[in-house]
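Listed here are the chains, written in short residue letters.
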Amino acid sequence: KNEVEQSPQNLTAQEGEFITINCSYSVGISALHWLQQHPGGGIVSLFMLSSGKKKHGRLIATINIQEKHSSLHITASHPRDSAVYICAAFLQGAQKLVFGQGTRLTINP
Amino acid sequence: GAVVSQHPSWVICKSGTSVKIECRSLDFQATTMFWYRQFPKQSLMLMATSNEGSKATYEQGVEKDKFLINHASLTLSTLTVTSAHPEDSSFYICSASIGGGTGANVLTFGAGSRLTVL
């Protein structure tokens with residue numbers, strides 16, 4: 001079992017819908033990253049969280065350390081949000097990043 | 001903002017040749033850089049952690065003699081795939097931690113290098 005699990009693996013929604021992507025991890029972490037990967041492969045770091053909640057534009061990321069769970073929300077989704085979203089946990093012990101499998105999001109106009 | 005430039009963005013080579021991929025931090029100093037590979041429809045896998053002025057730390061299962069990493073300066077890390085084989089065809093990505101340290105800081109990623117070995 002992977003130390004970092006994401007769900008769903010694929011998500012298709014209509015423009016304007018509220019999107020939630022979930023990430024669970026099974027080990028102690030120092031930080032959790034949410035990344036966005038576009039079809040060309042380039043990766044953009046969206047958030048780094050160690051506690052609580054962060055917001056940037058239409059994107060919101062939350063983390064619950066006790067429950068070992070993080071969520072990425074997109075409000076008023078738009079076709080340009082279509083991408084693969086990846087959560088990555090920085091493991092306390094191993095001092096390295098472990099990546100979830102990614103969630104392929106498609107927003108239809 | 002902090003930018004990591006990766007070059008080349010794609011490369012095709014013959015089996016048995018070596019390919020070098022460069023990763024440069026353009027407006028900050030990166031004491032630590034990370035190299036990942038990604039197979040189609042799979043997530044990223046950390047290959048190695050590149051430390052300026054010292055040997056890279058390789059993940060289990062990654063051949064250090066095949067994937068040579070050099071971090072000769074605070075702004076440049078290189079990954080050389082030696083004696084490339086078709087199974088080395090993959091998407092290679094580097095990243096750096098802004099503010100130094102390992103992965104507990106904000107990360108910035110290169111655009112990636114797609115290697116195809118014929």
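Just so we're clear, the structure is a prediction, and the values are computed from it rather than from any experiment.

Participant: Report on the overall build of chain B, specifying residues and quantitative values.
Facilitator: When you go through chain B residue by residue, the secondary structure sums to 0 helices and 11 strands. Going from the N terminus to the C terminus, chain B shows its helices and strands as β-β-β-β-β-β-β-β-β-β-β. Its C-alpha radius of gyration of 13 Å places chain B within 12% of the 13 Å reference for a compact globule of 118 residues. In chain B, buried positions account for 52% of the 118 residues. Excluding contacts between residues fewer than 6 apart, the proportion of contacts in chain B whose partners are at least 24 apart in sequence is 54%. Of the accessible surface of chain B, which amounts to about 5700 Å², a share of 54% is contributed by carbon and sulfur atoms. Each charge sign in chain B was given a centre, from 9 positive and 8 negative side chains, and these centres are 5 Å apart.

Participant: How would you sum up the sheet that holds strand β7 (residues 59-64) of chain A? Please name residues and give values.
Facilitator: Residues and elements named next belong to chain A. Strand order in the open sheet made by the 5 strands is β1-β3-β8-β7-β6, with antiparallel pairing throughout. Edge positions in the sheet fall to β1 (4-7) and β6 (52-56), since each of these pairs with one other strand and no more. Recorded for the sheet is a direction-independent mean angle of 15 degrees between the axes of neighbouring strands. Pairing of β1 with strand β3 (residues 19-25) involves 4 bridges; the strand directions are antiparallel. Opposite Ser7, over in β3, you have Asn22 as the bridge partner.

Participant: Got a sec to walk through the sheet that holds strand β7 (residues 67-73) of chain B? Specific residues and values, please.
Facilitator: All names here are of chain B. Strand order in the open sheet made by the 4 strands is β1-β3-β8-β7, with antiparallel pairing throughout. A single partner strand is all that each edge strand has here, and the edge strands are β1 (4-7) and β7. When the angles between neighbouring strand axes are averaged without regard to direction, this sheet yields 15 degrees. Inspection of the sheet shows β7 paired to strand β8 (residues 76-81) by 5 bridges, in the antiparallel sense. Residue Ile69 lies in a different strand from β8, and its bridge partner there is Leu79.

Participant: Explain the pairing of strand β5 (residues 43-49) of chain A residue by residue, including any values.
Facilitator: All names here are of chain A. Counting buried positions along β5 yields 5 of 7 residues, so the element is predominantly enclosed. Where strand β4 (residues 29-37) meets β5, 6 bridges bridge the pair, whose relative direction is antiparallel. Along β5, the bridge assignment pairs Gln37 with Ile43.

Participant: Account for the packing of aromatic side chains, naming residues and giving values.
Facilitator: Here the structure, examined in full by the defined rule, presents 3 aromatic pairs over all chains. Here Phe99(A) and Tyr36(B) contribute two aromatic rings whose centre-to-centre distance is 5.2 Å and whose plane-to-plane angle is 90 degrees, an arrangement assigned as edge-to-face. Of this pair, Phe99(A) sits in strand β10 (residues 97-99) while Tyr36(B) sits in strand β4 (residues 32-38), on two different chains. Judged by relative accessible area, which is 6%, Phe99(A) ranks as buried. The class for Tyr36(B) is buried, based on a relative accessible area of 1%. Between the aromatic rings of Phe67(B) and Tyr92(B), the centroid separation amounts to 6.3 Å while the plane-to-plane angle is 40 degrees, which identifies the pairing as tilted. One end of the pair, Phe67(B), is in strand β7; the other, Tyr92(B), is in strand β9 (residues 90-97), and 25 residues separate them in sequence. Look at Phe67(B) and you get buried, because its relative accessible area is 5%. Tyr92(B) sits in the buried class, given a relative accessible area of 0%.

Participant: Account for the state of the cysteines, naming residues and giving values.
Facilitator: Throughout the structure, instances matching the rule amount to 2 disulfides over all chains. Shown here is the disulfide that connects Cys23(A) with Cys87(A), its sulfur atoms set 2.0 Å apart. Measuring the twist about the S-S bond at about 75 degrees, one finds the Cys23(A)-Cys87(A) disulfide to be right-handed. Of the two residues, Cys23(A) sits in strand β3 while Cys87(A) sits in strand β9 (residues 83-91), which places them 64 residues apart along the sequence. The pair Cys23(A) / Cys87(A) is uniform in exposure class, with both members buried. Cys13(B) takes part in no disulfide bond, and the closest cysteine sulfur to it belongs to Cys94(B), at a distance of 18 Å. By relative accessible area, Cys13(B) is classed as buried at 8%.

Conventions used here
- Residues numbered from 1 in each chain as written.
- Chains lettered and ligands numbered in written order.
- Predicted model: local features only at pLDDT ≥ 70, side-chain atom pairs only at ≥ 80, totals over all residues.
- Heavy atoms only, no water.
- Helix = DSSP H or I, 4+ residues; strand = E, 2+ residues; numbered from the N terminus.
- Rg over C-alpha atoms; globule rule 2.2 N^0.38 Å.
- Buried < 20%, exposed > 50% of the residue type's maximum accessible area, 1.4 Å probe, protein only.
- Contact = heavy atoms within 4.5 Å.
- Areas by Shrake-Rupley, 256 points an atom, 1.4 Å probe, with all protein chains shown as cover.
- Lys, Arg positive; Asp, Glu negative; His and termini not counted.
- Charge placed at Lys NZ, Arg CZ, Asp CG, Glu CD.
- Pairing = 2+ DSSP bridges.
- Axes fitted to C-alpha atoms, helices over the stretch in contact; angles between N-to-C directions.
- Phe/Tyr/Trp six-rings, centres within 6.5 Å; stacked < 30°, edge-to-face > 60°.
- Disulfide = S-S within 2.5 Å.

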